[in-house]
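Below, each chain spelled out in residue letters.
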Amino acid sequence: MKKILFILISLFFIASLYAKTPEKTQLLPPSDSLALLETIKKNAIVFGDGDKEVHTFIDPLCSMSQLYLKFLFDKGDVMFKKYKIYLYLYELDGKHSEQTINTILSSEYKNTILRSVMLNKEDIILEDINDEAAESAHKIAEVAQKIGVFKRPYIMINGKVK
């Protein structure tokens, strides 16, 4: 009986690994997403000065977001000439990154602090968070929810999820 139970549990576990999960999709058409992104551009941390815009929602404590940022900086010479990359800090459920996000957004040197936290994995927390940073984070979260951001990094080009 124990053998049968073990086999059934094993089969269930293996089946769950291969089960298709429903794909989440963008909630809004690209034109509406672009209009919303325009309202929060000033809240983004921007790298590059290229002609093409890339809008990305990231969580500074998310390992996939950290890999994305590492890729950008590893390919910086090419990426930052070709693209203007807008990074929006948006907390991923379970990462508890609100304080880190507010620290980065409160800093006078956002780009540097972002790199220190995400690439060097430094634990930087400011006690004095300014109201403007909290408001920025709130605006980004509102837009992210309207667009339907469901993962980090959430990369958008021409209003479409990539």
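To be clear, the structure that these remarks concern was listed above.
Residues numbered from 1 in each chain as written. Predicted model: local features only at pLDDT ≥ 70, side-chain atom pairs only at ≥ 80, totals over all residues. Heavy atoms only, no water.

**Some thoughts on the overall build of the chain**
Helix and strand counts for the chain come out as seven helices and five strands. Counting across all 162 residues of the chain, residues that qualify as buried make up 41%. Taking the contacts inside the chain whose residues are at least 6 apart along the sequence as the reference set, 78% of them involve residues at least 24 apart. Accessible surface, the chain as shown: approximately 10,400 Å² in total, 57% of it carbon and sulfur. (Helix = DSSP H or I, 4+ residues; strand = E, 2+ residues; numbered from the N terminus. Buried < 20%, exposed > 50% of the residue type's maximum accessible area, 1.4 Å probe, protein only. Contact = heavy atoms within 4.5 Å. Areas by Shrake-Rupley, 256 points an atom, 1.4 Å probe, with all protein chains shown as cover.)

**Some thoughts on the pairing of strand β3 (residues 83-89)**
Buried residues dominate β3, accounting for six of its seven residues. Relative to β3, strand β1 (residues 45-47) runs antiparallel, the two being bridged by three bridges. Its bridge partner being in β3, Ile45 is matched across the sheet by Leu87. Relative to β3, strand β2 (residues 52-58) runs parallel, the two being bridged by seven bridges. Note that in β3 the partner of Glu53 across the bridge is Lys84. (Pairing = 2+ DSSP bridges.)

**Quick word on the nonpolar core**
Taken as a class, soluble globular proteins show a tendency for nonpolar side chains to be buried jointly. Counting residues in hydrophobic clusters, the biggest one holds 24 residues, and the most contacted among them are Tyr68, Ile85, Leu87, Leu89 and Leu114. Elements with a contribution of two residues or more to this core: β1, β2, α3 (63-74), α4 (76-82), β3, α5 (98-106), α6 (110-118) and α7 (131-147). Discounting residues that sit within four places of it in the chain, Tyr68 has contacts with Val54, Thr56, Ile58, Ile85, Leu87, Pro153 and Ile155. The next biggest cluster of nonpolar side chains, apart from the first, holds 16 residues, and it includes Tyr86, Tyr88, Ala144 and Val149. (Core = buried A, V, L, I, M, F, W, Y, C linked by side-chain atoms within 4.5 Å.)

**Concerning the layout of surface pockets**
Counted as a void, the largest pocket has a volume near 170 Å³. In terms of lining residues, the largest pocket is bounded by Leu89, Tyr90, Glu91, Glu98, Ile101, Asn102, Ala134, Ala137, His138 and Ala141. Listing elements by their share of the lining of the largest pocket, those giving two or more residues are α5 and α7. Among the elements that make up the lining of the largest pocket, the one with the highest residue count is α7 (four residues). (1 Å grid on protein atoms, 1.4 Å probe; cavity = no way out; pocket = protein on both sides within 12 Å on 5 of 7 lines; lining within 4 Å. Points joined across faces, edges and corners; volume = space filled by probe spheres on them.)

**Things to note about α6**
Those residues of α6 lying buried are Ile113, Leu114, Ser116, Val117 and Met118. Its buried side turned inward, α6 meets β1, β2, α3, β3 and α5.

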